[in-house]
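A closer look at the structure
The lines below spell out each chain.
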Amino acid sequence: MLKPYSWLLFDADGTILDYNTAETHSLKAAAASFGFDVNPEILSLYHEINSALWVDLERGNITSLELRVKRFDSLASRMDWDVSAVDFSRTYLRELGNSGFMIPGAREMLADLPGDMQRAIITNGIRDTQYGRLKTADLMKDFSEIIISEEAGSAKPAAAFFDYTLDRIGFPKKKDLLIIGDSLSSDIAGGIGYGIDTCWFNPEGRENETGVEPTYEISCWDGLFEIIK
Ligand SMILES: [Mg+2]
């Protein structure tokens, strides 16, 4: 049977990999190594700082190198922690790179995909960290290409990121591609801007008040199989 798409471009964090669990684990482990405790208030402060910096990154206002240190600089100064942000960041990233936590059902979904559909990861993130996590989760075999914003030199939703992606996967026709991701601002907006169909993975049933309209919305992986059957 003719498949409507021949390439599935999966976002990593919040779609295949469980970033929230990995982040909490890594932040606690890094803080503990410097003698600090991370309670829920500190975790939520960190989220606030980190999210704001990721928005800056998506807008191209800061680099990923700046982001990875700045977030701990802000956190340490707010918490009065006497620690080098560079050292903290290095420890945190080492922990994160060893975290292979996955989104429930993602592994089974990948195993059940038709063998003739090619898959790539398209992720905004740090090269070593993302490769480390994909390897720890034993996912390298599941994707023919891993596209990481740090290597691309630009991040979703920028067109330059998708220029780089298409180059890496051999310039298939845009109509043969489907982007699957949990972020309206990076995955879905990026796909719309570039003329690629999009599938919003929304397991928590969040309201979409952004005006960014995905081609499809799914709440679980069964929904993806409905689209590609
Ligand atoms: Mg994501």
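Refer to the preceding data block for the structure.
Description of the structure in this document.

Section: the overall build of the protein chain
- Looking only at helices and strands, the protein chain has 10 helices and six strands in total.
- Relative to its length of 229 residues, the protein chain is compact, with a C-alpha radius of gyration of 18 Å against a globular reference of 17 Å.
- When the 229 residues of the protein chain are sorted by exposure, 52% land in the buried category.
- In the protein chain, of all internal contacts separated by at least 6 residues, the share reaching a separation of at least 24 is 65%.

Some points on the coordination of the magnesium ion
- Taken together, Asp11 (OD), Asp13 (O) and Asp182 (OD) make up the protein donors of the magnesium ion, found 2.1 Å from the metal.
- Each donor residue of the magnesium ion belongs to the same chain, and together they define the spacing D-x1-D-x168-D. Pair noted here: Asp11 is in the loop between β1 (7-10) and α1 (19-33) and Asp182 is in the loop between β4 (177-181) and α9 (184-194), with a separation of 171 residues, a long-range link. Here Asp11 matches Asp182 in class, with each residue buried.

Some remarks on the packing of α1 against helix α2 (residues 40-58)
- At a minimum axis distance of 11 Å, the contact between α1 and α2 shows a crossing angle of 115°. At the point where α1 passes α2, the crossing takes the right-handed sense. Between α1 and α2, the contacting residues are Tyr19, Glu23, Thr24 and Leu27 on the first element and Leu43, Tyr46, His47 and Asn50 on the second.
- Taken together, the residues that form the contact of α1 with α2 break down as four nonpolar, three polar and one charged.

Observations concerning the packing of aromatic side chains
- Inspection of the entire model under this criterion finds 13 aromatic pairs.
- Between Phe72 and Phe88, the aromatic rings sit 4.8 Å apart at their centres with planes inclined by 40°, giving tilted as the arrangement. In this pair, Phe72 sits in helix α3 (residues 64-79) while Phe88 sits in helix α4 (residues 85-97), placing the two residues 16 residues apart along the sequence.
- Residue class for Phe72 comes out buried when judged on its relative accessible area of 2%.
- In textbook terms, an aromatic cluster arises when at least three aromatic residues are bridged by ring pairs, as seen for Phe34, Phe36, Tyr46, Phe72, Trp81, Phe88 and Tyr92.
- Across from the ring centre of Tyr194, 4.1 Å away, lies the NZ or CZ of Lys174, which sits over that ring.

What counts and what doesn't
- Position numbers for residues count from 1 along each chain, tracking the sequence in the order it is written.
- A pLDDT threshold of at least 70 governs which residues receive local features in this predicted model, and a stricter bar of 80 or more applies before side-chain atom pairs are shown or counted, although totals over entire chains, interfaces and linings include all residues.
- Remark: hydrogens and water are excluded; side-chain values derive from all non-hydrogen atoms of the structure.
- A run of H or I in DSSP counts as a helix once it spans at least four residues, and a run of E counts as a strand once it spans at least two, with each numbered from the N terminus.
- Atoms considered for the radius of gyration are the C-alpha atoms alone. The globule rule reads 2.2 Å times the number of residues to the power 0.38.
- Relative accessibility thresholds used throughout: buried, under 20% of the residue-type maximum; exposed, over 50%; partly exposed, between the two (1.4 Å probe, protein chains only).
- Any two residues whose heavy atoms approach within 4.5 Å are treated as being in contact.
- Coordination shells were defined by N, O and S atoms within 2.8 Å of each metal, extended to 3.2 Å for Na, K and Ca; water is absent from the atom set, which can make sites look incomplete.
- Axes, fitted as lines to C-alpha atoms, cover a helix only where it is in contact. Angles between the N-to-C directions of the axes lie from 0 to 180 degrees.
- Rotating anticlockwise by less than a right angle from the far helix to the near helix defines a left-handed crossing, while the corresponding clockwise rotation defines a right-handed one.
- Just so you know the grouping, Ala, Val, Leu, Ile, Met, Phe, Trp, Tyr, Cys and Pro go in nonpolar, Asp, Glu, Lys and Arg go in charged, and all remaining residues, Gly too, go in polar.
- Here a Phe, Tyr or Trp ring, Trp counted by its six-membered ring, pairs with any other such ring whose centre lies within 6.5 Å, and the pair is stacked when the planes are under 30 degrees apart, edge-to-face when over 60, and tilted otherwise.
- Only lysine NZ and arginine CZ atoms are considered, and such an atom sits over a ring when it is within 6 Å of the ring centre and within 35 degrees of the ring normal.

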